[in-house]
Amino acid sequence: MLVHIKDLVIPDMVGKFAYPAFNTQNLETTMGIIQAADGLNTPVIIEVSEGAVKYAGLTTIYEIMATLADSVKVPVALHMDHGKDMEQLRRGIELGFSSVMIDHSGLSTEENIRDTKAMVEFAHSHGAWVQGEIGKIRGSEDWVNVSDSEALLTDPDEAEQFYRATGVDTLAGSFGTVHGIIKIRGGVTPHVDVARINAIHQRIKVPLVLHGASGVDENVIHAAIEAGIAIINIDTELRLAYGESLRKSLADQPEEVDPRYIMKPVIEAVKKAAERKLLQFGTKNLIKQ
Ligand code: 13P
């Protein structure tokens, strides 16, 4: 069932569990995510990045996400991840995304506040939520590229100033994690600065979002949730499951030409990877039958 993100992310949940926000790029990844949420009877957030919109087309990917969300009983909210193009975010809101992230964290704080505030005004006038970002998260994914030297952990004072100036509904910060495959392949070791999350949560009661969370240890995830993280973004772990299972599927059935049979194990692998996260983040059986 397609729902507004505000129906999922409620103040009562903070400190107890977090929703995964899974990135999708296409039909099969979306099917795997939806099947995982449906099978475990748990609500979920599905998101699409600017790069994935460029790949699939905004209306196409929205229709895939919204149609599949509405095909199951569990609540599913749709979000646009890491938007730099404000015009595209506005189009997404008009299409029906109930939440968008404006990521102008690469600009100066003043410019970031100016643009995020403008996005909040537009979104709120259309009933949608906005996620802003303050700080600079390390790593590389789609159109987000932040080198180690550019990365900047979120300062609690700045987070408070940003929140009060913009009125964002959810807030992403740089808490020590890293976007993309690099940390899984051993390039860098992510850490999560739980004390920093807690310091921000104590000052501002806005749901906090942890990006770059693929591969982060389960105990650390639980500590981050207790400290105030309400949404956890996962892309790389699903991509890995997708790529590995596709390579295996093609090797296992070298004569197969029907994409439906080639993709069947891929959807199943994405589903299994999404299930692992849903179980870790504590959302299982939130919906009472
Ligand atoms: P990962 O690359 O760790 O999966 O993070 C995804 C993310 O934060 C998308 O916004």
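Please refer to the structure higher up on the page.
Our subject in this report is the structure included herewith. (Residues numbered from 1 in each chain as written. Predicted model: local features only at pLDDT ≥ 70, side-chain atom pairs only at ≥ 80, totals over all residues. Heavy atoms only, no water.)

1. Some points on the overall build of the chain
Basically, it comes down to this: Each helix is a run of DSSP H or I of at least 4 residues and each strand a run of E of at least 2, with the numbering of both proceeding from the N terminus. What the globule rule says is 2.2 Å times the number of residues to the power 0.38, and the radius of gyration is computed from C-alpha atoms. With a 1.4 Å probe rolled over the protein chains alone, any residue whose accessible area is under 20% of its type maximum counts as buried; one over 50% counts as exposed, and the rest are partly exposed.
A tally of regular secondary structure across the chain gives 11 helices and 11 strands. Here the C-alpha radius of gyration of the chain, 18 Å, is about what a compact globule of 289 residues would show, namely 19 Å. Taken along the three principal axes of its C-alpha coordinates, the chain extends 60 × 40 × 40 Å. With 289 residues in all, the chain has 57% of them scored as buried.

2. Let's talk about the site of the ligand
Using the following cut-off: Here a residue is considered near a molecule or strand provided that any single heavy atom belonging to it is located within 4 Å of it. Here a polar contact is taken to be a pair of N or O atoms separated by no more than 3.5 Å, where protein atoms must pair a possible hydrogen donor with a possible acceptor and residues adjacent in sequence count only if both atoms sit in side chains. For the area figures, the Shrake-Rupley method with a 1.4 Å probe applies, and any residue is considered shielded solely by the protein chains shown.
Surrounding the ligand, one finds 17 residues, the nearest of these being D81, K183, S214, D235 and T236. Between the ligand and D235, the relevant distance is 2.7 Å, taken from an oxygen atom to a main-chain nitrogen or oxygen of the residue. When isolated, the ligand has an accessible area of 310 Å², and the protein chains bury 100% of it. For the shell around the ligand, the secondary structure elements donating two or more residues are β3 (76-83), β9 (178-179) and β11 (229-234).

3. Description of the sheet that holds strand β8 (residues 170-173)
What links the strands of a sheet is backbone hydrogen bonding, and the strands pair in either a parallel or an antiparallel sense. Formally: Strands pair, by our definition, only if DSSP identifies at least two bridges between them. Axis geometry follows a simple rule: fit a line to the C-alpha atoms, using only the stretch in contact for helices, then measure angles between N-to-C directions, giving values from 0 to 180 degrees. Here a residue-residue contact requires only that any non-hydrogen atoms of the pair lie within 4.5 Å.
Taking strand neighbours around the barrel as the criterion, the eight strands line up as β1-β2-β3-β4-β5-β8-β10-β11 in a closed arrangement whose pairing is parallel. Geometrically, the sheet is characterised by an average inter-axis angle of 25° between neighbouring strands, direction not taken into account. Pairing analysis gives four bridges linking strand β1 (residues 19-23) to β11, with the strands arranged parallel. Across the sheet, residue A21 finds its bridge partner in β11, namely N233. Contacts from helix α7 (residues 156-166) reach β5 (129-134) and β8 within the one sheet, and its direction differs from that of β5 by about 150°.

4. Examining the environment of Q280
Tracing the sequence through the fold places Q280 in helix α11 (residues 259-281). Taking the C-alpha atoms as reference points, Q280 and N219, separated by 61 residues in sequence, lie 9.2 Å from one another. Apart from the residues within four sequence positions on either side, Q280 is in contact with E218, I221 and H222.

5. A word on the nonpolar core
Quick reminder of the rule: To define a nonpolar core, start from buried Ala, Val, Leu, Ile, Met, Phe, Trp, Tyr and Cys residues and group those joined through side-chain atoms within 4.5 Å.
Membership of the largest hydrophobic core comes to 71 residues, with the highest contact counts inside it found for V76, L171 and I232. It is α11 that provides the largest number of residues to this core, a total of nine residues. Sequence-distant contacts of L171, defined by excluding residues within four places in its chain, comprise Q131, G132, I134, A159, F162, I204, V206, P207, L208 and V209. One finds I5, L8, A230 and I231 within the second-largest nonpolar core, a separate group that totals 16 residues.

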